[in-house]
Amino acid sequence: MTMSGSMNVFDVAGRAMSAQMVRLNTTASNLANARTDYASKDEAYRAMRPVFRSVMEDNMATVDVERVVQSDLEPQKRYDPSNPLADKEGFVWEAAVDETAEMIDMLETARNYKNNVQVLQTAKSLILETIRNQ
C-alpha cells in the first residue's frame, strides 16, 4: 500500500473501477437496445462487450479496457407484417441482445465495483489508523 511509487492501491482500485464502469455502460447500452426491431439484419443492434487486458506497473497488476467489440450473437428474424419496419415478406430483425445474460453481467459488474470501493475504504481506514498511532 505504498504511497511513494507511481502506482499504489488507490490507482489499482481506481483503474479497476473505471474498467467496471465501461462494462456497466456497455451493458446498459445493450439493455437499452434490447427488444428493438430493425428493417434489416445489417442494421440490427448487436450487443457490445469490453475487452480487458492486464497491466503490470511497479510490480502491481491492474486492468485497462483494450477495446469494445460486438458480440457474436446474431439478430433474429421475426414475422411481424404489421410492423412499419417489416420487409416485403413481413419480417423484422430483433436486436441481438440476451437480456438474461446482460442482467447477470450487470449484477456481476456491480459486485466487482462494490468490491473495489471496499478496497479503497479499507486502505483509507488503514492509513488513517496509521496516522493516528504515530
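If you're wondering where the values come from, they're calculated on a predicted model, not measured in any experiment.

Reading guide: rules and limits
Residues numbered from 1 in each chain as written. Predicted model: local features only at pLDDT ≥ 70, side-chain atom pairs only at ≥ 80, totals over all residues. Heavy atoms only, no water. Helix = DSSP H or I, 4+ residues; strand = E, 2+ residues; numbered from the N terminus. Rg over C-alpha atoms; globule rule 2.2 N^0.38 Å. Buried < 20%, exposed > 50% of the residue type's maximum accessible area, 1.4 Å probe, protein only. Contact = heavy atoms within 4.5 Å. Polar contact = N/O pair within 3.5 Å; in protein donor to acceptor, adjacent residues only side chain to side chain. Pairing = 2+ DSSP bridges. Expected span 1.5 Å × (residues − 1). Core = buried A, V, L, I, M, F, W, Y, C linked by side-chain atoms within 4.5 Å. Axes fitted to C-alpha atoms, helices over the stretch in contact; angles between N-to-C directions. Parallel < 35°, antiparallel > 145°, perpendicular 65-115°, else oblique. Left-handed = near helix turned anticlockwise from the far one by under 90°. Nonpolar A, V, L, I, M, F, W, Y, C, P; charged D, E, K, R; others polar.

1. Focus on the overall build of the protein
And step 1. Along the protein, the regular secondary structure elements total 2 helices and 5 strands.
And step 2. In sequence order, the secondary structure elements of the protein are arranged as α-β-β-β-β-β-α.
And step 3. Computed over its C-alpha atoms, the radius of gyration of the protein comes to 21 Å, more than 25% above the 14 Å expected for a compact globule of 134 residues.
And step 4. Along the first, second and third principal axes, the C-alpha atoms of the protein reach 80 × 25 × 15 Å.
And step 5. Every one of the 134 residues in the protein was classed for burial, and the buried ones make up 28%.
And step 6. Long-range contacts, defined here as pairs at least 24 residues apart, represent 62% of the contacts in the protein between residues at least 6 apart.

2. Comments concerning the side chain of Arg23
And step 1. Tracing the chain through its elements places Arg23 in helix 1 (residues 9–33).
And step 2. The exposure class assigned to Arg23 is buried, which follows from its relative accessible area of 9%.
And step 3. Side chain to side chain, Arg23 and Thr109 meet in a polar contact 3.0 Å long.
And step 4. Excluding anything up to four places from it in sequence, Arg23 contacts Pro50, Phe52, Asp105, Glu108, Thr109 and Asn112.

3. Quick look at the sheet that holds strand 5 (residues 91–94)
And step 1. Spatially, 3 strands are ordered 1-5-4 in an open sheet, and the strand pairing comes out antiparallel. Only two strands of the sheet have a single neighbouring strand rather than two, namely strand 1 (37–38) and strand 4 (76–79).
And step 2. In terms of strand pairing, strand 1 meets strand 5 through 2 bridges, oriented antiparallel. By the bridge assignment for strand 5, Tyr38 is matched with Trp93.

4. Quick notes on helix 2 (residues 99–132)
And step 1. The terminal C-alpha atoms of helix 2, which comprises 34 residues, lie 49 Å apart, in line with the 50 Å expected from a rise of 1.5 Å per residue.
And step 2. Every buried residue of helix 2 is listed here: Glu102, Asp105, Thr109, Asn116 and Ala123.
And step 3. For helix 2, the capping residue at the N-terminal end is Asp98, with a side-chain oxygen 3.2 Å from the backbone nitrogen of Thr100.

5. Regarding the nonpolar core
And step 1. In terms of nonpolar packing, the biggest core is built from 8 residues, these being Ala34, Tyr38, Ala44, Tyr45, Ala47, Trp93, Ala95 and Val97.
And step 2. Filtering out sequence-adjacent residues up to four positions away, Ala47 remains in contact with Asn30, Val69, Gln70, Ser71, Ala96, Val97 and Glu102.

6. A look at the side chain of Asp37
And step 1. Structurally, Asp37 can be placed in strand 1.
And step 2. In terms of polar contacts, Asp37 uses its side chain to reach the side chain of Arg78, at 2.9 Å.
And step 3. Sequence-distant contacts of Asp37, defined by excluding residues within four places in its chain, comprise Arg78, Asp80, Asn83, Leu85, Val92, Trp93 and Glu94.

7. Remarks on the packing of helix 1 against helix 2
And step 1. Two elements in contact, helix 1 and helix 2, have axes whose closest approach is 9 Å; the angle formed by their N-to-C orientations is 160°. Taken together, the axes of helix 1 and helix 2 lie roughly antiparallel to each other. In the crossing of helix 1 with helix 2, the sense of the turn from one axis to the other is left-handed.
And step 2. Residues that form the contact of helix 1 with helix 2 fall into these classes: 16 nonpolar, 6 polar and 6 charged.

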